[in-house]
Amino acid sequence: MPRLILVTVAPSVLTDIHRPRSVWRAVIALVVLAASVAAGSMRLGPALDPLNGIWAVARGTELPRAATGRIPGLSARVDVWYDTRDVPHIFAASEEDVYRALGYVVARDRLFQIELQVRAGAGTLTELVGRPALATDQRTRGLGMPRAAERELAALDTASADLRAMRAYADGVNAWIGQMDPADLPIEYRLLGRRPRRWSPVDALHLLNRMSATLSFSDLERRRMLAAEVAGDTVARAVFPVHSPLQQPIVPTSVPGLRLRKGKVPAPGTASAGTELDTIASALPGIDDTTQAVAGVARRRDGAEGAAGSNNWAVAPRRTKAGYALLAGDPHLDMTLPSLWYEVHLVVPGHLDVAGVTIPGGPGVILGFTRDLAWTFTNTGADVTDYYVEQVDDMRSPRRYLLDGAWRPLELRTEVYRGPRGEVLQVDTVRYTHRGPMRLYAGHWVSMRWTALEGGGAFGALRAGPHAHTTAEWLRVTAGYDVPAQNMLVADRAGSIAIRSTGRYPIRPGDGRGDLVRDGSKSSSDWTGWLPLDRYPAAVNPAQGFLASDNQEPVDPDMPNPTGGAYLGANWETPWRAARINELLRGDSVVTPDDMRRWQTDPGSARADYFVPYFLDAARRADSAGGASAQLREAARLLGEWDRRYTRDNERAVLFEAAMAELSRRAWARLSPLQYPVLAAVPVPSSAVLVELLGDPSSVWWDNPDTTAVETRDDVLAASLAAALGTVTARRGPPGDSGWRWSEVRHANIDHLLHIPAFSRRGLSVQGGTETLSPSSGDGVLGPSWRMVVQLGPEVHGWATYPGGQSGNPLSRRYANRLPQWLAGTLDSVRMPHTPGELAASDVRATLTLEPAR
Amino acid sequence: MRRFVPMLSEVALLAIAMVAATAVGGWWGVLVAAFAWGAWSGRAGGVAIAAVCAWASVLVWTAVIGPLPALVADLGSIAGAPGWLLVVATLVFPMALAWSAAVVGAVVRGGTANGRE
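From a predicted model like this one, the values you see are computed outputs, not experimental measurements.

1. A short note on the environment of Val691 of chain A
With respect to the secondary-structure elements, Val691 of chain A resides in helix 21 (residues 687–694). C-alpha of Val691 of chain A to C-alpha of Val446 of chain A: the two residues are 245 residues apart in sequence and 36 Å apart in space.

Quick look at the structure:
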């Protein structure tokens, strides 16, 4: 363009050559024009354009009072009423119409988020953000996730309700993309210089796969074998046991509280480093690598125990004040802005009437309630991932693998990674055995089998759930749910409560354990089937009158249970939260919805109740023996003042946490791979194993090999407590300084999806600490993503909130407007009108009328 | 004064045209409108001011109906520069574009491009 102007203008300039001033003026103008056009062409022009550029974002922050839209395929008009909590109530004539409208409505508020999340699951982030996402996409595709979604879609019957729902949702998203005003283009697209891409039905499956990866991928093999390399296999099995040494299972037993299993951590044995399988296991992808990969741009998860934890519980009518069943849901996940969840109410008269939260990009309500029942999930943490060492025909570029003495062809899938302009950034090949994707780890080809790659039941089950009317019916229609395994809690209006750890549990050969790398050259290493439904951990209307799950081991292996001893996994949260909520539930037989709400942020800690006396006793004994230092006496005095509650203003939790960190470090010092510096750090055993170790005061684990003295448990407890005081004082000043206040120590950090600080909310003071019902992790990234309480009376009543807001526009009033309420631990009353007319004019913030496209 | 009022009217009309041109063609609309003005009138005077007024008026309108100051602050934070610099850039850019395009347009027409033929 500038060259064209120059050519055109030059003759005119020459005619004015006798006027030097004009010539110079023209030359300057040409230079300025060329510079302006060049700058404008390099994204500056479109960005600064005040009508269509980045400034337009400020005009599209709020929903217009009344709006209309058109969606192809709608069978009739759909009315959407946004209440004063900004929740859309969608009234449609059919279920497909409701999903079309849902797609439209969610895209209207969260367009960038749904594309980012789906691309993370599809391994196509590079097409949005360019080369920096290449490694992330390679990991996602290397796990076989996009292939699995495509195969799942292809396997769906073209007339199936699931496929129709996915198509309808895609129609709605695309209708919004096609009709939105320039001001509605999310700011993230403008910053990246991109446009939204059109939606397709498979995207819903990419999204589900992403959730599966977040919640069902485990690295049990890796952590156990790392430990084996350092301290021997016997120790590895003991410090990373299949069953939690501390039991407070989901399925109630005759033991009301925590139960410590009989066990002992054996002395460190001979390291087993150097074996082929160990080397491979240590090279396997860690859970952090994987979740980071599929989360796309999400931050690394905090691997510390107690950093995350979902809770749910339900109370039978006979233990509630009003005589109606109560249910509380509290899933803890990555907290982001915009939020993981989007709150909706979907109504198809006579067919569907459900309120709750949807994951933006997915058709349907995941957690919520109807007029008859309510449901919520916690993650089971089942082991549904296994690894197999394969023998291949060519180590560099294998095309066949050996199985039972015969060569079988590998499926080769070419993966092309494209940049934002469609340019090819990278091409690689992912190989598949009959088990799943095969990758090269530590010089060995290892294939992976993972139920998430063989899914197909989750979407249908989640879609069917809201159509049930009783807990029994709900359990029946969700029986086909497969991955990620969830502790599904449900309560109904008739007063029934039930829970089932629903998922697809593979049955392994031999000892059945899934925390070992297996020989891939034999088909006898393969899974032999699936655990039948009647052996899933489950409980219906238990005698105790309540049910609770908190990611703990679902059944106590030493008590009668429905699983028949089947291996479900080995990645259980220590049941501290379970112990706390069970204690609260046992102690209250007139539970109110407000009690349920209050317990969601309860600052009490079963872990502190267990460990603090050990520290104080050790200090007292040391003092009695005349061996207590002044620092130890002072630390014990300070810790003794603590009420063991992680309230914002308490000034002692910081000392306890430091003491626990010291104790863990000292107790497991022998797992430090000093002699194997090439190894990754061995993960720290859980606090449940530490409890087991506490029961053996003279265990060799307590002895510090670097000293000549023989230390015992109490020596280590006392030393840990004294050291903790030194650490905290050094970091936060002397006791009494404001730095000791818990609100100065632990925070919630809710980052924007692209980690843009201006769009994030960090350093939020929260109540709760490690292993409380509202745990706060060290980096504050994980947390309560949705809090819900439902009372199932003649008229269902729900209360809820989440850390964020309905809009994805960082400038919108609706972007983070629920944060203050979430921080305070309060909930909003959820409206559930039967018809649009039930909402008073003052309760309506905006309307949207969707008509069939002509 | 006799010359000031018509000039003001001209600038106002040009500003309206610039808003319309931006709505139709984005930032290229400013370039095309200014070039056309220069080529038609043989003058570049006033067109730069009109372009600034046009885009400034849109910004003012945006500020009236939306949280523009917050956006300015956020963008400044993202860019690692004072937010007001972006506002200045938003006004300088159409000014430079419009003036230079109008001058070139006037030269193409055969004028002196200085506003006084």
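2. A short note on the side chain of Ser774 of chain A
All names here are of chain A. Examined against the element boundaries, Ser774 turns out to sit in the loop between strand 29 (761–765) and strand 30 (782–784). Within the structure, the side chain of Ser774 is placed 3.5 Å from the side chain of Arg787, a separation counted as a polar contact. Apart from the residues within four sequence positions on either side, Ser774 is in contact with His332, Gln600, Thr601, Gln767, Gly768, Gly769, Pro784 and Arg787.

3. Topic: the pairing of strand 20 (residues 444–450) of chain A
Residue and element names in this part refer to chain A. The buried fraction of strand 20 is high, at six of seven residues. Strand direction decides the pairing type here: strand 14 (residues 385–389) and strand 20, joined by five bridges, are antiparallel. In the sheet register, Thr385 faces strand 20, and the bridge partner there is Trp450. Summarising the sheet, strand 19 (residues 437–441) and strand 20 pair through four bridges and their orientation is antiparallel. Residue pairing across strands places Met438 opposite Ser447, the latter belonging to strand 20. Once strand 19 ends, the chain turns through two residues before running back antiparallel as strand 20, passing Ala442 with a positive phi of about 50°.

4. Description of the interface of chain A and chain B
Note on interface size: it is often stated as the accessible area lost on association of the parts. On the side of chain B, 43 residues touch chain A, which itself brings 41 residues to the contact. Taken together, chain A and chain B are joined by zero salt bridges. Inspection of the chain A/chain B interface yields three residue pairs in polar contact (both at pLDDT 80 or more). Counting only elements with at least two residues in the side of chain A that touches chain B, the list comes to helix 1 (2–15), helix 2 (20–48) and helix 8 (187–192) of chain A. Among the elements that line the side of chain A that touches chain B, the one with the most residues is helix 2 of chain A, at 17 residues. Counted by class, the side of chain A that touches chain B contains 26 nonpolar, nine polar and six charged residues.

What counts and how
Within each chain, residue numbers correspond to sequence positions counted from 1 in written order. Whichever chain is written first becomes A and whichever ligand is written first becomes 1, with later ones labelled in order. Per-residue local features of the predicted model are confined to residues with pLDDT of at least 70, and side-chain atom pairs are confined, for both listing and counting, to 80 or more; whole-chain, interface and lining totals are unaffected and use all residues. The side-chain numbers reported here are obtained from all heavy atoms of the structure, hydrogens and water having been left aside. A run of DSSP states H or I qualifies as a helix once it reaches four residues; a run of E qualifies as a strand once it reaches two. Both are numbered from the N-terminal end. Identification of polar contacts relies on pairs of N or O atoms within 3.5 Å, with a donor-acceptor requirement for protein atoms, meaning one able to donate a hydrogen and the other able to accept it, and with residues adjacent in sequence counted only if both atoms are side-chain atoms. Contact criterion: two residues are considered in contact whenever any of their non-hydrogen atoms come within 4.5 Å of each other. Think of it in three bands: residues with accessible area under 20% of the maximum for their type are buried, residues over 50% are exposed, and the middle band is partly exposed, with areas taken using a 1.4 Å probe on protein chains only. Two strands are counted as paired when DSSP detects at least two bridges linking them. A carboxyl oxygen of Asp or Glu within 4 Å of a side-chain nitrogen of Lys or Arg is what we treat as a salt bridge. Just so you know the grouping, Ala, Val, Leu, Ile, Met, Phe, Trp, Tyr, Cys and Pro go in nonpolar, Asp, Glu, Lys and Arg go in charged, and all remaining residues, Gly too, go in polar.

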